Amino acid sequence: MKLTFTRTQTVGTADRMLYGHFLEHFHRQIYGGVYDPASPFADEDGFRADVIEALRRIKTPIIRWPGGCYVSAYDWKKGVGKKRVPAYDKAWRVEEPHTFGTDEFIKLCRKIGCEPYICTNAGTGTAEDMSDWVEYCNLREMGQYAKMRIENGFPEPHGVKYWSVGNENWGGHEIGAKEAEEWGRLVRESAKMMLRVDPTLELSAASIANLDWNVKLLRAAGDYLDWVSIHGYWGGTPDGLKGDGYDTVITKTGSVISDEIERVRAYLTALGLEKKIKIAYDEWNLRGWHHPNFIDTWNRGAYKSEDEKAYREKVLGERDKNDINSIYTVADAVFSACFLNTCLRACDIVRMACFSPAVNTRGCVFTHKDGVVLRPQYFVFELYANLMKDTVLDVWREDVPTITGEGRTVDAVDAVVTYGEGGYAVSAVNKSRADVMTLDLEMLGGGAKEMRIHTVNGPSVDSYNDIGRTEVGITDGEWEPYTGRVTLAPHSVNVIEIR
Ligand code: AHR
């Protein structure tokens, strides 16, 4: 495959928030994940210092919190203050201790060095609840909620810039699901009140690649919005523990990802909002989270037939299977790199993406009592966040090899060329299970002297990392004279530095 490019022909400037993450109050993402006061790795605030280091190493730019489905019945006021009262979490059917709330989340983000991004409760919550939360976080001292924050030990405002109204309120699975008409009105009235507290907010609202939903949302609330949020999980259902194997995963790259982006772009353009409103892909992962019996009708059967203890073990115990590290293989790394490449190619409108989630469940960092396991997709973030430049160049592609799986034909190599301080960085994914691919780089205007390749890979497509087992990681090449030709190993994610 040959790529021809010049640094004067650009697609746009990528926002570093494409390398963002998501944390939800689900299973072990918060309690036993980032927050574990009893852990020997806990710092003075009870956060896992080894997890914070892992998220700093991949330059995490932003973290979305607290959900996800959890947020649609979340009362933020129960998560602040000296006395935290445990509550029953109706989204995930567990007890929420509320020992990790807004102030702990802000502290965590400060330690990681990332922006906090708060998703509000538009399920059972009201415009007043949402705007009260903005008061608590961002007003200096006016009103009861800023004074409450000060009383809780935070004299300075938290200064939370990124907020979204709601989470997947379009779906019947969501507590407080809405019809499109009522959604547009609720978003408008919530945005109105939130912006009257802090007009500098960047505001998103739950969306989906659906024309009717977007027309009604954007006609009612487009004036107040800076973002629309969409989500994507491709490899298997919430009940599909292992999800798709490598050959199926490959078929879910390319246009399967970009089609959703281009449909939302079309809706924004049709309403003349494509320059004003950006896309936040603020939940994405190859694999949907494993939580069978999540949908109520299925639950009633499970509940009727057993006592509560047995029910909980049967339904909730399944969630521990997300912790099986052999599920997360080179396929997760290859897909994740293809997803990020797709967002880079659409960086003029996709300005944020949050990997779902960052820690445990299907996340890139797995915690256990003696440390962490870095799953294959972690290393994709390590390469992209540290090496990719901000200017995305347009490329002319020739001799693009393809592979076919499950009746779909996709490009066998997915590559993006970026430019910035110090030179170029080219991400190149070889999706082929077995074939080595050659990538020729035709740099118009020349000037390159040296190149160095960094590769995420493992011995096979099923390679994975676990406690005491490291099969997947990064191999760093040496600087060598620039030849314009790169060899890509099978099933590998590569970033080539050029200077
Ligand atoms: O499976 C987890 C859920 O996926 C998140 O809570 C929700 O936002 C998405 O539907």
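Look up a bit, the structure's there.
Small disclaimer: the values here were computed from a predicted structure and weren't measured.

About the criteria used
Residues numbered from 1 in each chain as written. Predicted model: local features only at pLDDT ≥ 70, side-chain atom pairs only at ≥ 80, totals over all residues. Heavy atoms only, no water. Helix = DSSP H or I, 4+ residues; strand = E, 2+ residues; numbered from the N terminus. Buried < 20%, exposed > 50% of the residue type's maximum accessible area, 1.4 Å probe, protein only. Contact = heavy atoms within 4.5 Å. Pairing = 2+ DSSP bridges. Axes fitted to C-alpha atoms, helices over the stretch in contact; angles between N-to-C directions. Salt bridge = Lys/Arg side-chain N within 4 Å of Asp/Glu carboxyl O.

## A few points about the environment of Ala146
Reasoning step 1: Here Ala146 shows up in helix α4 (residues 143–151).
Reasoning step 2: By relative accessible area, Ala146 is classed as buried at 0%.
Reasoning step 3: Separated by 147 residues in the primary sequence, Ala146 and Asn293 place their C-alpha atoms 40 Å from one another.
Reasoning step 4: Excluding residues within four positions of it along the chain, Ala146 makes contact with Glu135, Tyr136, Leu139, Arg140 and Glu141.

## So, the sheet that holds strand β16 (residues 396–398)
Reasoning step 1: The mixed open sheet is built from four strands, whose spatial order is β16-β1-β21-β25. Looking along the sheet, the strands with just one partner apiece sit at the ends: β16 and β25 (485–488). Strand after strand, the sheet turns through a mean of 20° between neighbouring axes, direction not considered.

## Side note on the sheet that holds strand β3 (residues 20–22)
Reasoning step 1: The strand order across the open sheet formed by eight strands is β9-β8-β7-β4-β3-β12-β11-β10, and the pairing between neighbours is parallel. The open sheet has two edge strands, β9 (202–205) and β10 (227–233), and neither has a second partner. Ignoring strand direction, the axes of neighbouring strands in this sheet form an average angle of 25°.
Reasoning step 2: Relative to β9, strand β8 (residues 162–165) runs parallel, the two being bridged by four bridges.

## Examining the pattern of salt bridges
Two side chains with opposite charge may pair up if their charged atoms get near one another.
Reasoning step 1: Per the counting criterion, the structure on display carries 33 salt bridges.
Reasoning step 2: The partner of Glu318 in a salt bridge is Lys321, with the nearest N and O atoms 2.8 Å apart.
Reasoning step 3: Note on Lys321: relative accessible area 32%, which makes it partly exposed.
Reasoning step 4: The residue Glu450 makes a salt bridge to Arg499 at a minimum N-O spacing of 2.7 Å. In this pair, Glu450 sits in strand β22 (residues 450–457) while Arg499 sits in the segment after β26 (492–498), placing the two residues 49 residues apart along the sequence.
Reasoning step 5: Note on Glu450: relative accessible area 28%, which makes it partly exposed.
Reasoning step 6: A residue is classified by how much of its surface remains accessible, and Arg499, at 43% relative accessible area, is partly exposed.
Reasoning step 7: Here the residues in one salt-bridge network are Asp43, Glu44, Asp45, Lys107 and Lys111, joined through shared partners.

All we've got here are geometric facts, nothing functional implied.
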